Amino acid sequence: MVLNVTKKINLSTEDLKRQKNIISKLNLAKLPFDISPDRMCALNLEMARHSSAVLKYQEDKSGIKWIFSSIKKYKVFLIIFESNELGEEIYKEKISSKLPEYSYKTVAQIVDDGIKLNFFIKLDARSKTTTDQKIRNVRPSEEVIIEFINWKIDLLASLMKFKQDLIN
């Protein structure tokens, strides 16, 4: 539900300047709708509420909760997820090369933990290209794929509802 901010707050000169400065630096042109500066509080509140709902959503979704528990896990997951969707092979060494900010050991530990918890599985890529038996392709489990996509659908639905409520 979009909050209709009707209560006018008398802002100090300093707060008005601060608000204008913040708004001037936002990427509002990327929004799929136009929003007037006086509706920014409603947008901000809706985004904060959505973020709270996202965090609540993950509480009963063990895969998503584990993936979101650290930015490192999330980055590793995104590489594995993307490779899975593209049908490409992905394995620890390749993941590590795509994340130079983390050591191979860190990436390998995340992948191994994900496999132990059944969030990742060892399964050939849909378009297997290598015959090297040492390569252990990693893919997200069905449950994690479902949790992630449903989370993203909820995100999109929330934003579309906000857009509809804002325009009406």
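Participant: In this structure, what is going on with the overall build of the chain? I would like to understand it.
Facilitator: Regarding its fold elements, the chain presents seven helices and two strands. The helix and strand sequence of the chain, counted from the amino end, reads α-α-α-α-α-α-β-β-α. A total of 168 residues make up the chain; the buried ones form 33% of that total. Long-range pairs, those at least 24 residues apart, make up 60% of the contacts in the chain with a sequence separation of at least 6. Accessible area for the chain stands at about 11500 Å²; split by element, carbon and sulfur atoms hold 55% of it.

Participant: Would you explain the packing of helix 4 (residues 71-86) against helix 6 (residues 104-116) in this entry?
Facilitator: When two helices pack together, their arrangement is given by the angle between their axes and by how far apart the axes lie. Where helix 4 contacts helix 6, the two axes come as close as 10 Å, and the packing angle between them is 75°. Comparing their axes, helix 6 and helix 4 come out roughly perpendicular. Counted together, K72, K73, V76 and I80 of helix 4 and T106, V107, I110 and V111 of helix 6 form the full contact between these two elements. Looking at side-chain class alone, the contact of helix 4 with helix 6 contains five nonpolar, one polar and two charged residues.

Participant: What should I look at first to understand helix 4 in this one?
Facilitator: Residues lying three or four places apart along an α-helix face the same way, a consequence of the helix completing one turn every 3.6 residues. Taking 1.5 Å of rise per residue, 16 residues should cover 22 Å, and helix 4 covers 22 Å from first to last C-alpha, within 8% of that figure. Along helix 4, the positions that sit buried rather than exposed are K73, Y74, V76, F77, I79, I80, F81, S83 and N84. Directly beyond the C-terminal end of helix 4, a positive phi value near 75° is found at G87.

Conventions adopted
Residues numbered from 1 in each chain as written. Predicted model: local features only at pLDDT ≥ 70, side-chain atom pairs only at ≥ 80, totals over all residues. Heavy atoms only, no water. Helix = DSSP H or I, 4+ residues; strand = E, 2+ residues; numbered from the N terminus. Buried < 20%, exposed > 50% of the residue type's maximum accessible area, 1.4 Å probe, protein only. Contact = heavy atoms within 4.5 Å. Areas by Shrake-Rupley, 256 points an atom, 1.4 Å probe, with all protein chains shown as cover. Axes fitted to C-alpha atoms, helices over the stretch in contact; angles between N-to-C directions. Parallel < 35°, antiparallel > 145°, perpendicular 65-115°, else oblique. Nonpolar A, V, L, I, M, F, W, Y, C, P; charged D, E, K, R; others polar. Expected span 1.5 Å × (residues − 1).

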